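In case you want the letters, here they are:
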Amino acid sequence: MSVVNVDKNTIETEISKEVSTTVLFVNEAKSSSQKMLVEFKKAAEATGDKVVFLKKNFEEGGAIEEQYGIQSAPTTLFLGLGRKLGDLVGYSLYLEPNGTDGVFKRKIKELFDV
């Protein structure tokens, strides 16, 4: 599955679906956001249609950010049926260089059992 770009007007529609959802809040000007987006895309490809992957530009003081307690970018938000299950703040690897599961992949497995 690919990463779907959302904004403040479309995100609610996407996260209200009855599926596991991961939202990456990014700041395009930050290298850490760019690196996390690469890991996010790896995860989207690996999990197929089992998890929806959404990317949203971080808006300081934005309604969605306030609702879910997102204070900086990159932050990855994990949702189940629209309810917050957890988050990861900062850049996290999907796979470690030695091929073992990275922090991001372990979090996906833990929360979504995929």
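Let me begin by describing the structure that accompanies this report. Everything numeric in this text was worked out from a predicted model, so none of it was measured.

**Quick word on helix H2 (residues 31-47)**
Here H2 spans 25 Å end to end across 17 residues, near enough to the 24 Å set by a 1.5 Å rise per residue. Burial in H2 covers these residues: Ser 33, Met 36, Leu 37, Glu 39, Phe 40, Ala 43, Ala 44 and Thr 47. Residues of H2 that are buried in the fold lie against strand S1 (3-6), strand S2 (20-26), strand S3 (51-57), strand S4 (75-80) and helix H4 (103-112). Remark: Gly 48 follows H2 within two positions and exhibits a positive phi of approximately 60°.

**Let's talk about the environment of Phe 78**
Turning to its location among the elements, Phe 78 is positioned in strand S4. By relative accessible area, Phe 78 is classed as buried at 0%. For the pair Phe 78 and Lys 107, spaced 29 residues apart in sequence, the C-alpha separation works out to 8.9 Å.

**With respect to the pairing of S2**
Most of S2 sits inside the fold, with 6 of its 7 residues counted as buried. As for the winding sense of the linkage, the β-α-β connection from S2 through H2 to S3 is right-handed. When S2 meets S4, the two strands line up antiparallel, connected through 6 bridges. Bridged to Leu 24 within S4 is Thr 76.

**With respect to unusual backbone geometry**
A cis geometry characterises the amide bond from Ala 73 onward to Pro 74, with omega recorded as 5°. Structurally, the position occupied by Pro 74 is in the loop between helix H3 (63-68) and S4. Unlike most non-glycine residues, Asp 113 shows phi in positive territory, near 55°. Relative to the assigned elements, Asp 113 resides in the segment after H4.

**So, the sheet that holds S3**
To summarise the sheet geometry, strands pair through backbone hydrogen bonds and adopt either a parallel or an antiparallel arrangement. The strand order across the open sheet built from 5 strands is S1-S3-S2-S4-S5, with neighbouring strands paired in mixed fashion. Two strands close off the open sheet at either side, each with one partner strand: S1 and strand S5 (83-89). Each neighbouring strand pair of the sheet contributes to a mean axis angle of 25°, computed without reference to strand direction. Of the strand pairs in this sheet, S1 and S3 are connected by 4 bridges, and their pairing is parallel. The residue of S3 that forms the bridge with Val 6 is Lys 56. Here H2 sits on the sheet and contacts S1, S2, S3 and S4; the angle it forms with S3, its principal contact strand, is near 160°.

Definitions and limits used
- Residues numbered from 1 in each chain as written.
- Predicted model: local features only at pLDDT ≥ 70, side-chain atom pairs only at ≥ 80, totals over all residues.
- Heavy atoms only, no water.
- Helix = DSSP H or I, 4+ residues; strand = E, 2+ residues; numbered from the N terminus.
- Expected span 1.5 Å × (residues − 1).
- Buried < 20%, exposed > 50% of the residue type's maximum accessible area, 1.4 Å probe, protein only.
- Contact = heavy atoms within 4.5 Å.
- Right-handed = clockwise from strand over helix to strand, strands pointing away.
- Pairing = 2+ DSSP bridges.
- Axes fitted to C-alpha atoms, helices over the stretch in contact; angles between N-to-C directions.

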